[in-house]
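# An overview of the molecular structure
For reference, the chains in residue letters:
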Amino acid sequence: MNKQLPEHNNIVRVIGIGSHHGVDRLGWLLCDHLKNMHWPDDIDIQNCRNPAQLTELLRDCDSAVIIDAVITGQEAGQIIALGMHELQLCAGKHSSSHGFNVSDALKLTKALGQLPNNIAIFGISVTDATQNADELSQITGPALQQAIREFQQSLAR
Amino acid sequence: MTEQRNISIHVPVLARVEGEGALDLHIRNGIIEDLKLTIFEPPRLFEKFLERRETDQVIDMVARICGICPVAYQMTAVHAFEALFDTDVTPWIRDMRRVFYCGEWLQSHALHIHLLAAPDFLGFNNVAEMAAQHATEVRRGLRLQALGNDLIALFGARSVHPVGARCGGFYHAPDVNSVNAIHQRLLDAREDATELLRWTAALPIADDHQHFVSVALRHEHEYPMNKGRIISSAGLDIDVNEYDDHFREFQIAHSTALYSLLDEQVYLVGPLARMNLNHDRLPPALQTLLDELDIHFPSDNMFHSIIARAAEIWLVIDEAIRLLENYTMPQQAAVACKPRSGIAIAATEAPRGLLWHRYELDEHGLVCGARIVPPTSQNQGRIEQDIKQSLQAFGLDKDEDAIRLHAETVIRNYDPCISCATHFLRLNVHSE
């Protein structure tokens, strides 16, 4: 059953981006991990199956955290806070269906005036597409939980 | 004296298409000397992966060929196996499969119209640029796409690579409350579909008339989706089992996808071909709306594909509303299938056009050979022919950027799914 969300839009939506393929599942697995933890009522955790769906998920929230696996050359499991520019650099031409990637989806969301006021993009570093997503999610889960809590605290300041 | 002008255009990676392809174009003195739609995405070997698999495993595996049209692959495999096993499904199963397929056409067409094709017609580089001036239309497109995805998930548990279909029916029947909720959303989407059709009809579409052969399924009384005979605008009318008597697939050097010819001629599959051959199967209300908008099929303008897609969106919303009205839980979501050896063949209409499957099953019911002919590989020859004809009509004296953009627009108009098309591998094994 879906969690009952507060009626106001002060929701922090945590969105894990991924697919069913290999280490690309990481965003989803991390969200599954986060769903098993205790969170305040205004945290809403969702899996996103493709960047085109991201615009819809960002529509009715004031703040959002986006989680996606990225190949950066850094050690696997590192949480990297990304800006739009870095995200664009991470998103190769072939990284997504129809060449429409997370960076494109955020640009579209912004053009539609639906971008939340506060947004954090956490890239989870992977070294290659064949890495074990389950193992990585176990390693990264607690640190990601802490990063989200810090993001939420920063909103209250 | 006419100035000599040589142009070489190389588009190394085609944008806003699924998969990896390129275009090479050489123009000398106003004549196209060479033109190649190069498909270099590596072969994905799906047909080999399917060997030694049981039929229900095949149905889940073929869904992985495409993230946009998995239902088409699943339904074609299901119909092939059920034809071999002499399986009679219930009217409920037949109807719900059509709804399942409606969801796929809806999300795929909405994606293509708004995110991929419309920016070309309106002079934008991408949908984000277009959204700044056409936010209402883009929001509507995203709403329609989401509805299509949810319709797929209703039966398939998830919209990308769904897992609900099986030989004989579905693993699970959706409950009445879930169906009623989506039925209400479909009713609400009727207005979106009508406005979308009006919008596409008003797009500045080039007057580009060409001669081509349309190929699609034809059903006795329905707009074709899951079943029918294969017909063409050139008079072909065959059973799906006779496909190999008329169609020939072959490999060429510049493409990792097979080419396909009908009686040695290139041909078109997809929404415009379907609409050209089946417009008389549209519901009267849609025919009236098309008349009102002065849209008439058959059309020999390939750019009318975007209007055909919008009309099909209207159709599938109407179909899904009709089929889900007064929904009740079935006694059974699937009937029993009894596997046996033999050749299993079927064709259905994927969003991008005719999709044909052939499987050979052994005495244990395992697949020992598979052949899959997707729409994009069938359209390759037609796309190249279209680029040549369309560029000549457009004017080869235009500047290079304009020529490049026009050629890309022609390609994107087909909504090519290169990832679907590159699944074969011809292996010549020499063993000593």
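Residues numbered from 1 in each chain as written. Chains lettered and ligands numbered in written order. Predicted model: local features only at pLDDT ≥ 70, side-chain atom pairs only at ≥ 80, totals over all residues.

## Remarks on the overall build of chain A
Looking only at helices and strands, one finds five helices and five strands in chain A. When the helices and strands of chain A are read in sequence order from the N terminus, they spell out β-α-β-α-β-β-α-α-β-α. Counting across all 157 residues of chain A, residues that qualify as buried make up 45%. For chain A, long-range pairs separated by at least 24 residues make up 79% of all intrachain contacts whose partners lie at least 6 apart in sequence. (Helix = DSSP H or I, 4+ residues; strand = E, 2+ residues; numbered from the N terminus. Buried ≥ 20, exposed ≤ 12 C-beta atoms within 10 Å, placed from the backbone. Contact = placed C-beta atoms within 7 Å.)

## Section: the sheet that holds strand β2 (residues 21–28) of chain B
Residues and elements named next belong to chain B. Reading across the sheet, the three strands line up as β1-β2-β3 and stay open at both edges, with antiparallel pairing between neighbours. Taken across any chain shown, the strands that pair with only one partner, and hence form the sheet edges, are β1 (6–11) and β3 (31–39). If you compare each strand with its neighbour and ignore which way they point, the axes differ by 5° on average. One ladder, built from eight bridges, connects β2 with β3; its direction is antiparallel. Paired with L25 across the strands is L35, a residue of β3. The sheet strands contacting helix α13 (residues 400–413) are β1, β2 and β3, and the helix crosses β1 at an angle near 45°. (Pairing = 2+ DSSP bridges. Axes fitted to C-alpha atoms, helices over the stretch in contact; angles between N-to-C directions.)

## As for the packing of helix α4 (residues 91–122) of chain B against helix α11 (residues 305–324) of chain B
Two quantities define a packed helix pair, namely the angle between the axes and the distance from one axis to the other. Residues and elements named next belong to chain B. One can describe the packing of α4 onto α11 by two numbers: an axis separation of 9 Å at closest approach and a directional angle of 150°. On the basis of the axis angle, α4 is roughly antiparallel to α11. Taken as a pair, α4 and α11 cross one another with a handedness that is left-handed. In this structure, α4 contributes D95, R98, V99, C102, W105, L106, H109, A110, H112, I113 and A117 to the contact, and α11 contributes I306, R309, A310, E312, I313, V316, I317, E319, A320, L323 and L324. In terms of residue class, the contact of α4 with α11 is made up of 15 nonpolar, two polar and five charged. (Parallel < 35°, antiparallel > 145°, perpendicular 65-115°, else oblique. Left-handed = near helix turned anticlockwise from the far one by under 90°. Nonpolar A, V, L, I, M, F, W, Y, C, P; charged D, E, K, R; others polar.)

## Some points on the nonpolar core
Judged by nonpolar contacts, the single largest core of 152 residues is most densely connected at A:V14, A:I15, A:V65, A:I67, B:L106 and B:I313. Of the residues forming this core, the biggest block, 15 residues, is contributed by α4(B). Among residues more than four places away in sequence, those in contact with A:V65 are A:V12, A:V14, A:I15, A:A120, A:F122, A:I148 and A:F151. With 14 residues, the next largest nonpolar core counts B:I27, B:I383, B:I387 and B:V410 among its residues. (Core = buried A, V, L, I, M, F, W, Y, C linked by C-beta atoms within 7 Å.)

## Things to note about the confidence of the model for chain B
All names here are of chain B. Of the residues in chain B, 94% reach a pLDDT of 70 or more, and the chain-wide mean stands at 91. Below a pLDDT of 50 lies the segment residues 423–432, which in the model reaches 14 contacts outside its immediate sequence neighbourhood of four places, other chains included. For this predicted complex, the interface score ipTM comes out at 0.78, alongside a pTM of 0.89. (pLDDT = per-residue confidence, 0-100.)

## Focus on helix α5 (residues 133–156) of chain A
Quick reminder: α-helices carry 3.6 residues per turn. Residues three or four places apart thus point the same way. Residues and elements named next belong to chain A. Spanning 24 residues, α5 covers 33 Å between terminal C-alpha atoms, matching the ideal 34 Å at 1.5 Å per step. Along α5, the helix axis deviates most sharply at T140, where the bend reaches about 45°; the proline P142 sits within four residues downstream. Taken together, the buried positions of α5 are A133, L136, S137, T140, L144 and I148. On its buried face, α5 sits against β1 (12–17), α1 (26–35), β3 (63–71), β4 (79–82) and β5 (118–126). (Expected span 1.5 Å × (residues − 1). Bend = angle between axes of the 7 residues up to and from the residue.)

## Focus: the environment of B:V367
Residues and elements named next belong to chain B. Tracing the backbone shows V367 in strand β13 (residues 367–373). Remark: the alpha-carbon pair of V367 and E54, spanning 313 residues in sequence, is separated by 6.5 Å. For V367, the contacting residues outside a window of four places in its chain are L50, E51, R52, R53, V58, Y359 and L361.

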